[in-house]
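The primary structure of each chain is shown beneath.
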Amino acid sequence: MRLPPARGPITEALFGTLEGPPGATPLDAAVAALGADFDNEDTQLALFACYELHYQGFDDVDDRWEWDPELLTLRASLERRFERYLAAVVPHTEGVEPSLVRAALVALTEADEGPPLSLFLQREADLDHFREFVTHRSIYHLKEADPHTWAIPRLSGAPKAALVEIQSDEYGGGRRERMHSELFRTTMRGLGLDDSYGAYLHRVPGVTLAVSNVMSLFGLHRRWRGALLGHLAALEMTSSLPNHRYATGLRRLGIEPAVVRFYDEHVQADAAHEQIAANDMCGQFAAAFPECTGDILYGAACALELERRWAEHVLGHWRRGTDSLLPRRVPA
């Protein structure tokens with residue numbers, strides 16, 4: 001993956017600096033651009049690029065940038081922007097008694113009535129809709145489970161064991177061909193898409209990047225470990241039915257079983273993960289750290305709200321007959 005085209009003054013200054021070695025050019029211009037009004041496209045892409053240095057990085061960026069103090073200072077400023085945005089759209093949830101965390105998570109996830117995107121894909125979508133949907137999802141699914149893995153060394157006892165059990169399934173139990181990211185690559189290839197890591201970063205809008213950025217925000221900060229667990233629990237508790245619908249929609253279009261397997265796998269796996277995440281992971285973590293119950297519920301609420309906003313964006317464009325991706329541009 002290479003740096004994508006800039007989307008505003010922050011990314012223009014940031015990417016121009018990242019193309020050189022650390023310390024060669026100060027990040028003053030990028031810092032100065034932070035004084036402007038919040039721009040979701042520019043801010044989300046800049047934050048995503050900073051986070052990506054902790055994952056697989058960019059071919060045209062020196063790996064030494066990962067822990068460059070000046071870049072970490074800029075990232076912290078971007079994170080404060082993002083946290084203020086999250087606080088505005090998802091008011092922080094009050095804590096509950098640890099024994100009530102599971103019930104509170106169930107109430108949150110059952111009350112979620114986001115746009116019926118999965119129903120559209122099941123009943124109405126054509127192959128172009130599915131290709132567009134998968135292009136959006138590739139930003140996360142090609143590194144599926146990685147953001148939540150950051151929590152493993154920050155836990156102990158039952159919550160840690162529960163998270164490891166979930167992540168082991170996500171990584172295919174040690175078998176490459178069963179890793180969820182590899183199954184998703186098969187889906188992409190079957191739909192005629194480029195399955196290389198980050199191939200569509202330049203096409204996805206800020207609302208898609210925010211879905212991944214919130215995972216990295218929670219994952220890379222120990223203080224947000226409760227929110228990261230709540231985020232994962234919300235994903236697992238709301239996954240089985242939509243994935244069943246995606247699989248049904250692809251079969252309706254005559255797509256072969258190997259291409260649909262990614263979604264079939266999630267129908268089965270996430271039904272089991274739901275119980276582990278809510279009871280053994282979040283429930284046991286809340287019992288050990290009762291002061292973090294509000295964070296658990298906040299992380300779950302953030303997952304649901306950002307997913308709702310993304311689905312609303314995609315389905316809104318489709319209902320209007322327009323493309324939900326950004327215009328085609330060749331990465332710099």
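1. A look at the overall build of the protein chain
No. 1: Looking only at helices and strands, one finds 15 helices and 0 strands in the protein chain.
No. 2: The C-alpha radius of gyration of the protein chain comes to 19 Å, within 12% of the 20 Å expected for a compact globule of 332 residues.
No. 3: Counting only C-alpha atoms, the protein chain reaches 50 × 50 × 40 Å along its principal axes.
No. 4: By residue count, 56% of the 332 residues in the protein chain fall in the buried class.
No. 5: Sequence separation of 24 or more characterises 82% of the internal contacts of the protein chain that already satisfy a separation of 6 or more.
No. 6: For the protein chain, the exposed area adds up to about 14,000 Å²; of that, 52% sits on carbon and sulfur atoms.
No. 7: With 33 positive and 48 negative side-chain charges, the protein chain shows a separation of 2 Å between the mean positions of the two kinds.

2. Here we look at the packing of aromatic side chains
No. 1: Counting across every chain of the model gives 12 aromatic pairs.
No. 2: With a centroid separation of 6.0 Å and 65° between ring planes, the pair formed by Tyr55 and Trp150 is classed as edge-to-face. Here the residue Tyr55 occupies a position in the loop between α3 (40-52) and α4 (69-89), and Trp150 occupies one in the loop between α8 (146-149) and α9 (157-170), the gap between them amounting to 95 residues.
No. 3: Ring plane angle 45° and centroid distance 6.1 Å describe the contact between Phe133 and Trp310, whose orientation is recorded as tilted. Taken as a pair, Phe133 in helix α7 (residues 127-141) and Trp310 in helix α15 (residues 293-320) lie far apart in primary sequence, 177 residues in all.
No. 4: Assessed through its relative accessible area of 1%, Phe133 is described here as buried.

3. A word on the nonpolar core
No. 1: Counting residues in each nonpolar core, the largest one holds 106 residues, and the members touching the most others are Leu14 and Phe133.
No. 2: Of the residues forming this core, the biggest block, 14 residues, is contributed by α15.
No. 3: Those residues in contact with Leu14 that sit more than four places away from it in its chain are Leu27, Ala30, Ala46, Cys50, Leu71 and Leu74.

4. Considerations on the packing of α7 against helix α10 (residues 180-190)
No. 1: The contact between α7 and α10 brings their axes to 11 Å, and the two run at 160°. The orientation of α7 relative to α10 falls into the category roughly antiparallel. Helix-helix and strand crossings are classified by hand; for α7 and α10 the assignment is left-handed. For the pair α7 and α10, the contacting residues are Val134, Arg137, Ser138 and His141 in the first and Ser181, Phe184, Thr187 and Met188 in the second.
No. 2: Each residue belonging to the contact of α7 with α10 can be placed in one class, and the counts come to 3 nonpolar, 4 polar and 1 charged.

Conventions we followed
- Residues numbered from 1 in each chain as written.
- Predicted model: local features only at pLDDT ≥ 70, side-chain atom pairs only at ≥ 80, totals over all residues.
- Heavy atoms only, no water.
- Helix = DSSP H or I, 4+ residues; strand = E, 2+ residues; numbered from the N terminus.
- Rg over C-alpha atoms; globule rule 2.2 N^0.38 Å.
- Buried < 20%, exposed > 50% of the residue type's maximum accessible area, 1.4 Å probe, protein only.
- Contact = heavy atoms within 4.5 Å.
- Areas by Shrake-Rupley, 256 points an atom, 1.4 Å probe, with all protein chains shown as cover.
- Lys, Arg positive; Asp, Glu negative; His and termini not counted.
- Charge placed at Lys NZ, Arg CZ, Asp CG, Glu CD.
- Phe/Tyr/Trp six-rings, centres within 6.5 Å; stacked < 30°, edge-to-face > 60°.
- Core = buried A, V, L, I, M, F, W, Y, C linked by side-chain atoms within 4.5 Å.
- Axes fitted to C-alpha atoms, helices over the stretch in contact; angles between N-to-C directions.
- Parallel < 35°, antiparallel > 145°, perpendicular 65-115°, else oblique.
- Left-handed = near helix turned anticlockwise from the far one by under 90°.
- Nonpolar A, V, L, I, M, F, W, Y, C, P; charged D, E, K, R; others polar.

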